[in-house]
Amino acid sequence: MFEHLYIHVPFCIKKCRYCDFYSQTNLSWIPAYVSALCREISLGAAAVLNETAVPNLVDPGSLVKTIYFGGGTPSVLPLGALETILKTLYRCHRIDPHAEITLEANPGTLDPDYLKGLKSLGINRLSLGVQSFDNKKLGLLGRIHIAAQSVNAIEAARAAGFDNLGLDMIFGVPKESNSFWKREMDTALGFCPEHLSCYMLTLEKDTPLYIWYEKGRFIPMAPDARADLFAFTDVYLENHGFSHYEISNFAGKKKNRSQHNSSYWDMVPYKGFGPSAHSYAVLPGSGKNLRHQRSWNCSDLNAYVDCLAQDRLPVDDYEILGVEEQMLERIMVGLRTDKGVDIKGFNGLSGSSFQTMFKDLVEQLESQRMGKYTGQTDRFGLTRAGWACLDSIVEAFARKIKI
Ligand code: SF4
């Protein structure tokens, strides 16, 4: 059933000021986490709870094409822990010998021996959380590393043999100018990464940055300036040979697009393991209807470990997506990518016609040069100007679907 596996590693050395992901800084939990995680993989390699809450055990079917260690900070895990997890995955799943195996890594946690170890374990893609090459900006973001550590990590990763290297960058800190951000991109491009992720800094509730904002100590960039910087990034990186294939992601070559993350945007089933990990499955339903099911694990590490100590799957809850929810989901993920919404897939959901349902909205987006049909009109996607207004466009689609 699952060709894509996600492992959530819920540890960070220190919380960054802007981040609201679930992670914790008490690394003494790592051994208990690894045991519980391996138990979860063994118990429920193919399990997404069905309505009688009976999990399947091991799925002998699909060939796994991607494995993704995300977090948190997966690179806080010792090599021995990663080896144990990978061995468990290989024991419980059929893994394609050419599978893309990605690990998110924080430059502040890496050294040459660790990187060589990752390579020898079969990790073949690194997503390096550089974020910036400016120490003042890194300090504002509350990162644990300085720019020199990113440079060392990139060079050591290349020396260890990583030829599929992604650099994650953040832009849009207060008063960030095009020329400042251009210097950041130039530095990143100087290392010839195969992939770049450029995330606009967003204010998430309950983060230290948000508290600063409420106290007037942090003034976010104005929406127009953000849109300008976004458009500048698009043009600059495309001019340097990168394809802007998803709103925040750029690939040097087509083969360097993140296969794992593309599975989310293509709405392909995936299985997540670890605290707070989500899974998405398409299950046989009654009649010809398939059940599109999303489930998620409990996020509390203590509860997660306890649950697995009793050989229970740590699924917190699940939901079956109704037709309208599936429609909106297809639109939300499709509009994020350069491929756009798969209209045939959309129309097949309920017999509704995308063209009829959204006629006015689509015409309006076309006239504003924010959206267009692509291929043989079998897909509808946003232009770069449309991407700059993605949230409000998705809301306009949602109003038509009436969710
Ligand atoms: S290292 Fe990543 S996951 Fe951890 S706090 Fe920072 S941004 Fe969040």
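One can find the structure itself at the top, above this paragraph.
Keep in mind it's a predicted model, so treat the numbers as computed, not measured.

Basis of the calculations
Residues numbered from 1 in each chain as written. Predicted model: local features only at pLDDT ≥ 70, side-chain atom pairs only at ≥ 80, totals over all residues. Heavy atoms only, no water. Pairing = 2+ DSSP bridges. Helix = DSSP H or I, 4+ residues; strand = E, 2+ residues; numbered from the N terminus. Axes fitted to C-alpha atoms, helices over the stretch in contact; angles between N-to-C directions. Contact = heavy atoms within 4.5 Å. Parallel < 35°, antiparallel > 145°, perpendicular 65-115°, else oblique. Phe/Tyr/Trp six-rings, centres within 6.5 Å; stacked < 30°, edge-to-face > 60°. Lys NZ or Arg CZ within 6 Å of the ring centre and 35° of its normal. Left-handed = near helix turned anticlockwise from the far one by under 90°. Nonpolar A, V, L, I, M, F, W, Y, C, P; charged D, E, K, R; others polar. Core = buried A, V, L, I, M, F, W, Y, C linked by side-chain atoms within 4.5 Å. Buried < 20%, exposed > 50% of the residue type's maximum accessible area, 1.4 Å probe, protein only. Expected span 1.5 Å × (residues − 1). Disulfide = S-S within 2.5 Å. Near = heavy atom within 4 Å. Salt bridge = Lys/Arg side-chain N within 4 Å of Asp/Glu carboxyl O.

*Asks:* Outline the sheet that holds strand E8 (residues 249–251), listing residues and values.
*Replies:* Strand order in the open sheet formed by 9 strands is E7-E8-E6-E5-E4-E3-E2-E1-E9, with mixed pairing between adjacent strands. Two strands lie at the open edges of the sheet, namely strand E7 (243–246) and strand E9 (271–273), each paired on one side alone. Looking at each pair of strands side by side, their axes are set apart by 20° on average, direction ignored. Across 4 bridges, strand E3 (residues 94–105) lies against strand E4 (residues 125–131) in parallel orientation. Each residue of the ladder has a partner; that of Leu-103, found in E4, is Leu-126. The strands that helix H2 (residues 79–92) touches are strand E1 (4–9), strand E2 (63–71), E3 and E9; relative to E3, the one it contacts most, it runs at about 150°.

*Asks:* Tell me about the packing of helix H11 (residues 323–336) against helix H12 (residues 343–350), residues and numbers included.
*Replies:* Relative placement of two packed helices is described by the angle separating their axes and the distance separating the axes. Close contact between H11 and H12 brings their axes to 9 Å; oriented N to C, the two are set at 175°. One way to sum up the angle between H11 and H12 is to call them roughly antiparallel. Together, Val-323, Gln-326, Met-327, Arg-330 and Ile-331 of H11 and Gly-345, Phe-346, Leu-349 and Ser-350 of H12 make up the contact between the two elements.

*Asks:* Outline the packing of aromatic side chains, supporting the account with residue identities and numerical values.
*Replies:* Evaluation of the coordinates by the stated rule reveals 16 aromatic pairs. One aromatic cluster is present, built from ring pairs that chain together Phe-346, Phe-354, Phe-358, Tyr-373, Phe-380 and Phe-397. Residue placement shows Lys-119 over the ring face of Phe-162; its charged tip is 5.8 Å from the ring centre.

*Asks:* Account for the packing of helix H6 (residues 178–190) against helix H8 (residues 223–239), naming residues and giving values.
*Replies:* The contact between H6 and H8 brings their axes to 11 Å, and the two run at 35°. The interaxial crossing formed by H6 with H8 has right-handed handedness. In this structure, H6 uses Asn-178, Trp-181, Lys-182, Met-185, Asp-186 and Leu-189 to contact H8, whose residues at the interface are Leu-229, Phe-232, Thr-233, Tyr-236 and Leu-237. When its residues are assigned to classes, the contact of H6 with H8 shows 7 nonpolar, 2 polar and 2 charged.

*Asks:* Now, about the nonpolar core: what can you tell me, with residues and values included?
*Replies:* Grouped together as the largest cluster of nonpolar side chains are 96 residues, with contacts concentrated most on Tyr-33, Phe-69, Leu-335, Phe-354 and Phe-397. In terms of residues, this core owes the most to one element, helix H1 (residues 30–44), which gives 8 residues. Discounting residues that sit within four places of it in the chain, Phe-354 has contacts with Ile-331, Val-341, Ile-343, Phe-346, Asn-347, Lys-359, Val-362, Tyr-373, Phe-380 and Phe-397. With 9 residues, the next largest nonpolar core counts Leu-141, Ile-170, Leu-201 and Leu-209 among its residues.

*Asks:* How would you explain H1 if you had to name every residue and give the values?
*Replies:* Helical geometry: 3.6 residues make up each α-helical turn, so side chains three or four residues apart lie on a common side. Counted at 1.5 Å a residue, the expected span for H1 with its 15 residues is 21 Å, and the 21 Å between its end C-alpha atoms agrees. Within H1, 11 of the 15 residues are buried, which leaves it mostly tucked inside the rest of the structure. In this fold, the buried residues of H1 make contact with E1, H2, E9, strand E11 (290–297) and helix H10 (301–309).

*Asks:* Before we move on, can you summarise the state of the cysteines with the specific residues and values?
*Replies:* Within the structure shown, the criterion is met by 0 disulfides. No disulfide involves Cys-192; its nearest neighbouring cysteine sulfur is the one of Cys-198, lying 15 Å away. Given a relative accessible area of 55%, Cys-192 falls into the exposed group.

*Asks:* How would you summarise the site of the ligand if you had to cite specific residues and measurements?
*Replies:* Around the ligand lies a shell formed by Cys-12, Lys-14, Lys-15, Cys-16, Tyr-18, Cys-19, Gly-72, Thr-73, Asn-106 and Arg-143. For the shell around the ligand, the per-class residue count stands at 4 nonpolar, 3 polar and 3 charged.

*Asks:* Tell me about the environment of Ile-393, residues and numbers included.
*Replies:* Along the chain, Ile-393 turns up in helix H16 (residues 390–401). For Ile-393, a relative accessible area of 5% puts it in the buried group.

*Asks:* Could you give an account of the pattern of salt bridges, naming the residues involved and the relevant values?
*Replies:* A complete count under the given rule lists 17 salt bridges for this structure. Close ionic contact of Lys-339 with Asp-266 constitutes a salt bridge, the shortest N to O distance being 3.1 Å. Placement of the pair is Lys-339 in the loop between H11 and strand E13 (341–342) and Asp-266 in the loop between helix H9 (259–265) and E9, with a sequence separation of 73 residues. A relative accessible area of 37% means that Asp-266 is categorised as partly exposed. Here Arg-294 ties to Glu-319 by a salt bridge, and the two come within 2.9 Å at their closest N and O atoms. Taken together, the residues span a long stretch of sequence, with Arg-294 in strand E11 and Glu-319 in strand E12 (residues 315–320) at a distance of 25 residues. Under the relative-accessibility criterion, Arg-294 is labelled buried at 17%.

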